[in-house]
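Spelled out from the first residue to the last, the chains are:
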Amino acid sequence: MADKVRKDAAAALEGVLFDGMTIMAGGFGLCGIPENLIAAIRETGVKDLTVVSNNCGVDGFGLGILLENRQIKKMISSYVGENKLFEQLYLSGELELEFNPQGTLAERIRAGGAGIPAFFTKTGVGTLVAEGKEVREFDGEEYVMETGLKADLSIVKAWKADREGNLIYRKTARNFNPMMATAGKVCLVEVEQIVEIGDLDKDNIHTPGIYVDRVFKGAVFEKRIERVTTRQKETA
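These lines cover the structure that appears in this document, whether it is placed above or below. (Residues numbered from 1 in each chain as written. Predicted model: local features only at pLDDT ≥ 70, side-chain atom pairs only at ≥ 80, totals over all residues. Heavy atoms only, no water.)

## Points about the sheet that holds strand 7 (residues 141-147)
And then number 1: As summarised here, the arrangement of the three strands in space is 5-7-6, forming an open sheet in which the pairing is antiparallel. The strands lining the two open edges of the sheet, one partner per strand, are strand 5 (118-121) and strand 6 (135-138). The sheet shows a mean angle of 40 degrees between the axes of neighbouring strands, taken without regard to direction. (Pairing = 2+ DSSP bridges. Helix = DSSP H or I, 4+ residues; strand = E, 2+ residues; numbered from the N terminus. Axes fitted to C-alpha atoms, helices over the stretch in contact; angles between N-to-C directions.)

What follows is the structure in structure tokens.
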């Protein structure tokens, strides 16, 4: 098997970026985002991107830095509530938005990776979500047709990888990452640890290396908290 390890994010991205491409970016909020790859993409200056991601980071971090640099043309996402710049760009017409119910977005990505071009779901029937889409009746209930999603590039964050690209995610950082790994023509992965082939428990591999093209150990993981909520310490 080919050694898929690269030295850093810039090396992993070499030769795969172009203006106008579609990128899937893993993560939920700021949990499990490929922050090193996002930073490296910003440095390249690639533009007119369509980005598929649950949300668009926050102001000044995650995908938010690509928004600040005006590199994103369109977002296909589920939630945008933590990013003021996102709101401003959308309302001013500078940013296109394709909004999806969260479960529908997840299933569209999974379907794209599984080679399923479309599926029917009850979610969104009778709402703005269903406008312009085919609605069909099954067993007396109406369902709206949604199409699968694929991308030119998937950028993924995992916890561990071996040199063949087999991946293990850690807890909730798993989120959208495994689905997106299957749905990109090219899949790049940043991890916290790289181990030798055979060191991973085969029964606990979440994404097989067949889906992964390049992997590298991230230089820095800030792992910011999107919104810190605490309670006042109780006194005795």
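There is more to say, and it comes next.
## Structural notes on the pattern of salt bridges
And then number 1: The full count for this structure, using the stated rule, is 13 salt bridges.
And then number 2: Here Arg163 makes a salt bridge to Asp3, at a shortest N to O gap of 2.8 Å. Pair noted here: Arg163 is in the loop between strand 9 (160-162) and strand 10 (167-168) and Asp3 is in the segment before helix 1 (9-13), with a separation of 160 residues, a long-range link.
And then number 3: By relative accessible area, Arg163 is classed as partly exposed at 26%.
And then number 4: Glu94 serves as the salt-bridge partner of Arg70, at 3.7 Å between the closest nitrogen and oxygen. Of the two residues, Arg70 sits in the loop between helix 3 (64-68) and strand 3 (72-77) while Glu94 sits in the loop between helix 4 (84-91) and strand 4 (96-99), which places them 24 residues apart along the sequence.
And then number 5: Arg70 gets classed as partly exposed once you look at its relative accessible area, which sits at 47%.
And then number 6: Here the residues in one salt-bridge network are Lys74, Glu98 and Arg108, joined through shared partners. (Salt bridge = Lys/Arg side-chain N within 4 Å of Asp/Glu carboxyl O. Buried < 20%, exposed > 50% of the residue type's maximum accessible area, 1.4 Å probe, protein only.)

## Regarding the sheet that holds strand 8 (residues 151-157)
And then number 1: What the seven strands build is an open sheet, ordered 4-3-2-1-8-11-13; its pairing is parallel. The open sheet terminates on both sides in strands that have one partner only, identified here as strand 4 and strand 13 (214-217). Sheet twist, expressed as the average angle between the axes of neighbouring strands with direction ignored, equals 20 degrees.
And then number 2: Across four bridges, strand 3 lies against strand 4 in parallel orientation. Bridge pairing links Ser77 to Phe99 in strand 4.

## As for the nonpolar core
And then number 1: Leu13, Ile41, Leu67, Ile72, Leu153 and Ile155 are the most contacted members of the largest nonpolar core, which totals 29 residues.
And then number 2: Looking at this core, the elements with two or more residues in it are helix 1, strand 1 (22-25), helix 2 (35-44), strand 2 (49-52), helix 3, strand 3, helix 4 and strand 8.
And then number 3: Examining the composition of this core, we find that four residues originate from one element, helix 2, more than from any other.
And then number 4: When neighbours within four sequence positions are excluded, Leu67 is seen to be in contact with Cys56, Ile72, Asn83, Leu85, Phe86, Leu89 and Leu95.
And then number 5: Within the second largest apolar cluster, twelve residues are counted, among which are Ile76, Leu105, Ala151 and Ala183. (Core = buried A, V, L, I, M, F, W, Y, C linked by side-chain atoms within 4.5 Å. Contact = heavy atoms within 4.5 Å.)

## Considerations on the environment of Glu43
And then number 1: Its location among the elements puts Glu43 in helix 2.
And then number 2: Classification of Glu43 by relative accessible area gives exposed; the value is 68%.

## Focus: the packing of aromatic side chains
And then number 1: Scanning all chains against the criterion turns up two aromatic pairs.
And then number 2: Taken together, a centroid distance of 5.6 Å and an interplanar angle of 80 degrees make the contact between Phe138 and Tyr143 edge-to-face.
And then number 3: Its relative accessible area of 22% is what places Tyr143 among the partly exposed residues.
And then number 4: The ring of Phe221 carries the charged tip of Lys157 above its face, separated from the ring centre by 4.9 Å.
And then number 5: A cation over a ring is seen here: Lys160 above Trp159, with NZ or CZ 4.8 Å from the ring centre. (Phe/Tyr/Trp six-rings, centres within 6.5 Å; stacked < 30°, edge-to-face > 60°. Lys NZ or Arg CZ within 6 Å of the ring centre and 35° of its normal.)

## A word on the state of the cysteines
And then number 1: On inspection of all chains with the given rule, the structure shows zero disulfides.
And then number 2: Looking at the unpaired Cys56, the closest cysteine sulfur is the one in Cys31, lying at 17 Å. (Disulfide = S-S within 2.5 Å.)

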